[in-house]
Amino acid sequence: MPVNPWTLFWASFFTVLSTVAGLNPQGEALIAWKSTLKGSLKALSNWDPTDDTPCEWFGLTCNFNKEVVELNLKYMDLLGHVPSNFSSLVSLKKLVLSGTNLSGSIPEEIGILPELVYLDLSDNALTGEIPGETCHLPMLEQLLLNKNRLEGSIPAAIGNLTSLMSLIIYDNQLSGPIPGSIGSLKRLEVIRAGGNKNLAGSIPQEIGSCTNLIMLGLAETSISGFLPPSLGLLQKLETIAVYTTLLSGQIPPELGACTSLENIYLYENSLTGSIPTNLGNLRSLQNLLLWQNNLVGTIPPELGNCHQLLVIDISMNSLTGSIPETFGSLVSLQELQLSVNQISGKIPAKLGNCTALTHIELDNNQITGTIPSEFGNLPNLTLLYLWQNSLEGNIPPSLSACHKLEAIDMSQNTLTGPIPKGIFELQKLNKLLLLSNNLSGNIPPEIGNCSSLIRFRASSNMLTGPVPSEIGRLKNINFLDLGSNRLTGIIPIEIAGCQNLTFLDLHSNSLSGQLPGNLNQLATLQLLDVSENFVEGTLNPSLGSLSSLTKLILRMNRLSGSIPTQLGSCSRLQLLDLSSNGLDGQIPASLGKIPALEIALNLSRNKLSGEIPSAFTALDKLGVLDLSYNQLSGDLRYLAELQNLVVLNVSHNQFLGHVPDTSFFSKLPLSVLAGNPELCFSGNECSADKGGATKHGKSARVAMVVLLCTACVLLLAALYIILGGKMRERGAHNSDLDSVGDVELGPPWEVTVYQKLDLSIVDVTKCLTAVNVIGCGRSGIVYRANIPSGLVIAVKRFRTSEKCSASTFSSEITTLAHIRHRNIVRLLGWAANQKTKLLFYDYMPNGSYGYFAPEYACMVKITEKSDVYSYGVVLLEIITGKKPVDPSFPDGQHVIQWVRDHLKSKKNPVDIIDQKLQGNPDTQIQEMLQGLGIALLCTSNRAEDRPTMKDVVALLKEIRHEQTTVSESHKTASKSSKISEVPSNSSTSVIPAQLLVQGAPPAAVVLEDDAPSAASREERQTSCSGGAAPPGKVVHPAGITRRCNEQSNTIAENMCSAPPPDRCYASRFVWLEQKKSETRQDHR
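Residues numbered from 1 in each chain as written. Predicted model: local features only at pLDDT ≥ 70, side-chain atom pairs only at ≥ 80, totals over all residues. Heavy atoms only, no water.

Taking an unreviewed UniProt entry as the reference, the protein chain is identified by name as Protein kinase domain-containing protein belonging to Fraxinus pennsylvanica.

Here it is, written out as structure tokens:
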């Protein structure tokens, strides 16, 4: 058939034309977008504008018509915006630009891609709202916008995306409710919207219509209200992850109908009621995490029917009853965590059938009975925590068959009998903690076989016999605590073989003999406490080579001879206590050259003689100096320069001459100078001044003193009569603040000021009126006082009706007088008469910036928990050395978010601590980390999750390491009850950092009270549930946090995947932050 020549002509013409035309419009649009990018574009080097089509370009896929159907670029530094010119790319089915450093907003034009099935813009820096136009994509199945900075609400028209299968929008800044229209998404399988802290409202009932839903992730949001019963309609649901939110109410029993459920993550909420029994119908359930809620009732035995269970964590609730016997049938169970509840009864012996168990955590309960010997049948067991219960009987020797055991903690029970020698054959055991039991017998010599042991703590037991020499074979041990036992014999020289030992505590035993002469081989030793023993002989000069030593405590022994000058070479020594021995000779001048000596130097109750060395003038950081009960002579002039001195006692010596004329010495109580007959105050004549005085002159001076005292008494009595009536009259007008009988503002007053203040007590009392009230607390009222001299101060008047007023008053003076910090209000002084006690503070009119709690910022709602929040911010400032909104924080972050982000990113928690403090000993670092945990508790977003101030004080008191201070609170209750007294001749360490870990609250809490020191044992053992007290319960976590006191964590423990073996309330919080960060990518 002949071909029309015109047909051939036009065919040839269009062929030439297409060749000349070059790149098609789709390619041009992509080249135009590439030209706006400012990142590293090496991967796009083959995007050649001379090509006809972009089909061969990197990251692009075309269909058979050479139309672009996929643009897929992942994790490269494009540095630009999402393309907006989609008019020529309407054929796109898949658009993936994840992790490409894109910013700006999502363009509205994306809504014109009718074929789009897959949209992934995750892991960028996109801002703005999710455009409503995205809801006009009828074919869209996968929408991934997670890990951006998107704001606004989820579009209400989201229900139009009827093809949608995955909605992944976690880790943004979205707010508002979840639209009810989500129930229209019948094909939806995955919802992951966690990490949007402002996503609020309740889970819509309509979600029950999403019958194909497999994953529901709304963790770390502000979702509130009840879990809807309609969740029971989701027969395909495998994972529900709504943890760390504001959920309340009961766990709906309907959840038991979701027979496909494998994972239930509902921890860190405010769920109440009991655990539904029909959860036992979930035969596919693998992980049940309900910790830190307000759950009550018993643990349902029906859970024993969930034979696929791997992890049960119901810790930190208020559960009662016993551990179900049915748990013995959970042969796949790996972790059983029931800590911090009120569980009673015995540990089921049938748990020995759960041979897959790796973690058993039953601590902080009321469990009785014995430890089942069947635990020896658990070959995979690595962690066994049973501390703080009422367990009795022996430690079962069968535990030696658990060859994978790494950590055992049975402290604070009433266990008896010996320590089984087979335990020390466990070659992976690194922590054995047996504190505060009634264990007896010898320490087995087999301890030397446990080469993996890092921490062995068995203090406060009844162990007898010697310290075994085999202990020297423990090359890895760094923490050895055998204090408060009945050990005898000598300290073996083999102990020097513990080359990594940093903490050695043998206090309060009956050890004798001399200190080993080779202790200098312990190069890493930081604390050595052998106090209250019968150690004798002289101090070996080789102790001076312990370059890492920070605390040396040898008090109450039988040491003799002189103090070696070589001790001055311990350049890191912060505390030296050699008191109550038989040391003689002079005080070495070298002690004055120890640069780190800042906590305490206690040489009291020895036989030291000679003068105070002139080198002591260099101890300008020293807080406590006790030289009492010696035979020292000379004057005190070299102590006048010790600016940081807080406690001084030089009583009962042979000092003479004038007491230094300084503000510090003028305020010292006479008791700390007593027993030095030749010592006199400035302004008085000393016998040495004139070479002696006549008997007549002495009598005249005595008579003059008597006359002056009599005149003063008469004058004060007259003033009392004149002013007393006026004060009582004024008190009648202020009866709305306190009862008339309580207000006594007349003389005589005892006044002490720590600064040069131009004020009189009369001027101060005139200001104690209702109009000047600026705050009220349980212990008293705070007034603003305008002094005629122009000075403005804050005055706290304690309620005289409070029984604990005296101790609280003394405690605040003891604490605040010794603290100097830019974020802590300064105590200027105090005054007291027979009935009224006053504290004087700096007045700070606006010190609030950065300290407001979220509920105040949102609803102008202030409660006592708002004060706790503010206190937490101050505590974070002290620990981190940062301001609330520090210039070093990215994107104007607050210090709270900066700390949380640091923990979530799996960085070393120690890096959070102020760099100036990071060189401190490990034990102090652990205390700071525990303080960090308390600060994070105080700054919880929800007020109900914060502890009360009383609990905070208890937490702070309980995290201190009594072994690392000279505090004797771990010795006897009678000693600890005196903690609130004003020290006069105490040698207790008192510096700001120590005050923090010794439990004294920083002065920012002017309106709050310390926890009563006489808290009942029942209160102290009441369990707590994450800072939120269950109805009718008294939360007093001291019993919990005592672990911080007795079992300090190592840095590594805060970073491991399992809870810290030395778990305490504060450090658990740090661990929980880490634990959540490990699960967030899977479950949010």
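(A) Representation of the overall build of the protein chain. If you tally the helices and strands in the protein chain, you get 17 helices and 52 strands. Across the 1084 residues that make up the protein chain, the buried fraction comes to 56%. Considering only residue pairs separated by 6 or more positions, the protein chain has 56% of its internal contacts joining residues 24 or more positions apart. (Helix = DSSP H or I, 4+ residues; strand = E, 2+ residues; numbered from the N terminus. Buried < 20%, exposed > 50% of the residue type's maximum accessible area, 1.4 Å probe, protein only. Contact = heavy atoms within 4.5 Å.)

(B) Layout of the packing of aromatic side chains. All chains considered together, the criterion is met by eight aromatic pairs. With a centroid separation of 5.7 Å and 85° between ring planes, the pair formed by F664 and F665 is classed as edge-to-face. The exposure class of F664 is partly exposed, given its relative accessible area of 23%. Here F665 falls in the buried class, since its relative accessible area comes to 1%. Among the aromatic residues, those joined into a cluster by ring pairs are W33, W47 and W57. The positively charged end of R455 is found above the aromatic ring belonging to F479, 4.3 Å away from the centroid. A cation over an aromatic ring shows up here: R605 above the ring of Y629, its NZ or CZ 4.0 Å from the ring centre. (Phe/Tyr/Trp six-rings, centres within 6.5 Å; stacked < 30°, edge-to-face > 60°. Lys NZ or Arg CZ within 6 Å of the ring centre and 35° of its normal.)

(C) Local environment of the environment of N485. Summarising the element assignment, N485 is placed in the loop between β31 (479–481) and β32 (486–487). Residue classification places N485 among the buried residues on the basis of a relative accessible area of 7%. Between the C-alpha atoms of N485 and H507, which are 22 residues apart in sequence, the distance is 8.4 Å. Beyond its immediate chain neighbours, meaning those up to four positions away, N485 contacts A458, S459, S460, N461, M462, L463, S508 and N509. Here the side chain of N485 touches L482 through a polar contact of 3.1 Å, landing on its backbone oxygen. (Polar contact = N/O pair within 3.5 Å; in protein donor to acceptor, adjacent residues only side chain to side chain.)

(D) Fine view of the pattern of salt bridges. Applying the stated rule across the entire model yields five salt bridges. Its salt-bridge partner being E115, residue K93 comes within 3.3 Å of it at the nearest N-O pair. A residue pair is termed long-range when its members are at least 10 positions apart, and K93 in the loop between β3 (80–81) and β4 (94–96) and E115 in the loop between β5 (102–104) and β6 (118–120) qualify at 22 residues. Here the residues in one salt-bridge network are E532, R555 and D577, joined through shared partners. (Salt bridge = Lys/Arg side-chain N within 4 Å of Asp/Glu carboxyl O.)

(E) Structural detail: the environment of L289. One can find L289 in strand β19 (residues 287–289). Once you skip the residues sitting within four places of it in the chain, L289 turns out to touch I264, Y265, L266, Y267, V311 and D313.

(F) Examining the nonpolar core more closely. One finds L71, I240, I264, M410, F456, L625 and L639 to be the most contacted residues of the largest nonpolar core, which totals 187 residues. Looking at this core, the elements that each hand over two or more residues are α2 (25–34) and β2 (68–72). Beyond its immediate chain neighbours, meaning those up to four positions away, I240 contacts L216, L227, L231, L261, N263, I264, Y265 and L266. If you look at the next biggest cluster of nonpolar residues, it comprises 29 residues, including V868, I879, V895 and L937. (Core = buried A, V, L, I, M, F, W, Y, C linked by side-chain atoms within 4.5 Å.)

(G) Summary view of the state of the cysteines. If you walk through the whole model with that rule in mind, you get one disulfide. For C55, the disulfide goes to C62, at an S-S distance of 2.2 Å. Between C55 and C62 the sulfur-sulfur dihedral comes to about -100°; the bridge is accordingly left-handed. Look at C55 and you get buried, because its relative accessible area is 16%. (Disulfide = S-S within 2.5 Å.)

(H) A look at helix α9 (residues 895–904). For α9, the buried fraction is high: eight of the 10 residues fall into the buried class. Those residues of α9 lying buried are V895, I896, W898, V899, R900, H902, L903 and K904.

(I) Representation of the confidence of the model for the protein chain in the model. Put simply, the protein chain has an average pLDDT of 81, and 75% of its residues get 70 or more. Segment residues 1–20: pLDDT under 50, and one contact once partners within four positions in sequence are set aside and those in other chains are kept. This stretch, residues 856–861, has a pLDDT under 50; its non-local contacts, to residues over four places away or in other chains, come to five contacts. (pLDDT = per-residue confidence, 0-100.)

(J) Local environment of the packing of helix α8 (residues 864–880) against helix α10 (residues 922–938). Running from amino to carboxyl end, α8 crosses α10 at an angle of 150°, the nearest separation of the two axes being 8 Å. Judged by the angle between their axes, α8 and α10 are roughly antiparallel. The way α8 lies across α10 gives a crossing that is left-handed. Residues V868, Y869, Y871, G872, L875, L876 and I879 of α8 touch α10, and the partners they reach there are M928, G931, L932, I934, A935 and C938. Classifying every residue of the contact of α8 with α10 by side-chain character gives 11 nonpolar, two polar and no charged. (Axes fitted to C-alpha atoms, helices over the stretch in contact; angles between N-to-C directions. Parallel < 35°, antiparallel > 145°, perpendicular 65-115°, else oblique. Left-handed = near helix turned anticlockwise from the far one by under 90°. Nonpolar A, V, L, I, M, F, W, Y, C, P; charged D, E, K, R; others polar.)

(K) How the structure looks around the sheet that holds strand β18 (residues 270–272). Taking strand neighbours across the sheet as the criterion, the five strands line up as β10-β12-β14-β16-β18 in an open arrangement whose pairing is parallel. Whereas interior strands pair on both sides, the edge strands pair on one side only; in this sheet they are β10 (175–176) and β18. Here strand β14 (residues 222–225) pairs with strand β16 (residues 246–250) via two bridges, running parallel. Looking at β16, one finds that S224 is bridged to L246. (Pairing = 2+ DSSP bridges.)

(L) Region of the structure containing the sheet that holds strand β7 (residues 125–126). Within the open sheet, the three strands sit side by side as β3-β5-β7. Their pairing is parallel. Across the chains shown, the open sheet's two edge strands, defined by having one partner strand only, are β3 and β7. The pairing of β3 with β5 spans two bridges and is parallel. The residue bridging H81 from the neighbouring strand is S103, located in β5.

(M) Quick peek at the packing of α8 against α9. Two elements in contact, α8 and α9, have axes whose closest approach is 10 Å; the angle formed by their N-to-C orientations is 60°. Pair α8 / α9 crosses with left-handed handedness. On α9, the residues touching Y869, V873, L876 and T880 of α8 are V895, I896, W898 and V899.

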